[in-house]
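# Report on the structure
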Amino acid sequence: MPYPARFYAALHRGTPGDQPHYQRLCDTATSVLELGCGYGRMLTALAAADRTIVGVEYEPDLLAMAEAAVDRLPPPLRAGVSLVQGDMRDVSLDRVFDRVLLPFGGLYCLLSDADLDATLANVVRHLAPGGRVGLDVYRADAFHAEAEPDDVPDDAHTPLTRVEVDGQPFEVLERSHWDKPAQRIDASYLYVGEDGASVEGTIAQRYLLEPQLRAAFGRAGLAIVDIRDRFGDPAPDERDGDDDAMMIVEARRDEVGG
């Protein structure tokens, strides 16, 4: 992984409200599959005594962190959770699930239509009759239509926040490279310690516009039943704003379409 796992986990803590959203989505589910489970943040939040959960993660270091997080769960919750190293495009678990989840922008890690279609086809293969798919990604439609690469300078890092990694403080700076025709954003994060030592990690993403996302789901035989812009109910003064808008998607297998 070009991004050290502990540094990734210190910064990328999910989107506010995402855990309650997925807990509600999985409320009646007795089996859950999370593709791209990372260091186990969502997986452990969904653990329940009457539920089996399988987390799939490609990166060994993140998977090791997830294993440690599962080990910290109380035994009745830990018993139902298992982890698999694998690729969401082709992992085969020989079973189906009530819910299949790709939280925190995991769909945008798929950098081609072929990868996207393979993953969604694999989702369908692992989805039980009557089951649901849940995912969230940022909404890029307005950004893509209105901005140009010159508006997103990529020649310098800008301060973002401060985090602790293994008890040591780091300042985090960010820069992004945007290829508009390819809908590709490579976001780099530079962690600078108090001693001046630094670590850098990059996340490559290929964002989708809503019509593209809908078309991909249609090709896979997934019928979208809900797309919302935010987790939960926004405050009244946020209802008309586009800042931080998302596509939070729930879908089911389209039995008519195959």
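Our subject in this report is the structure included herewith. Quick caveat: nothing in here was measured; it's all calculated off a predicted structure. (Residues numbered from 1 in each chain as written. Predicted model: local features only at pLDDT ≥ 70, side-chain atom pairs only at ≥ 80, totals over all residues. Heavy atoms only, no water.)

In helix packing, the relevant descriptors are the interaxial angle and the interaxial distance, both defined with respect to the helix axes. Viewed as axis vectors pointing N to C, helix α6 (residues 113–125) and helix α8 (residues 210–220) meet at an angle of 50°, and their least axial separation amounts to 9 Å. What the angle tells us is that α6 and α8 run oblique. Helix-helix and strand crossings are classified by hand; for α6 and α8 the assignment is right-handed. Each of Leu-116, Asp-117, Leu-120, Ala-121 and Val-124 in α6 lies in contact with α8, whose residues at this interface are Ala-216, Phe-217, Arg-219 and Ala-220. In terms of residue class, the contact of α6 with α8 is built from 7 nonpolar, no polar and 2 charged. (Axes fitted to C-alpha atoms, helices over the stretch in contact; angles between N-to-C directions. Helix = DSSP H or I, 4+ residues; strand = E, 2+ residues; numbered from the N terminus. Parallel < 35°, antiparallel > 145°, perpendicular 65-115°, else oblique. Left-handed = near helix turned anticlockwise from the far one by under 90°. Contact = heavy atoms within 4.5 Å. Nonpolar A, V, L, I, M, F, W, Y, C, P; charged D, E, K, R; others polar.)

Per the stated rule, a full pass over the model turns up 10 aromatic pairs. Put simply, the rings of Tyr-3, Phe-7, Tyr-8, Tyr-39, Phe-170, Tyr-189 and Tyr-191 pair up and form one aromatic cluster. Stacked on the ring of Phe-104, the Lys or Arg Arg-41 has its end atom at 5.7 Å from the ring centre. (Phe/Tyr/Trp six-rings, centres within 6.5 Å; stacked < 30°, edge-to-face > 60°. Lys NZ or Arg CZ within 6 Å of the ring centre and 35° of its normal.)

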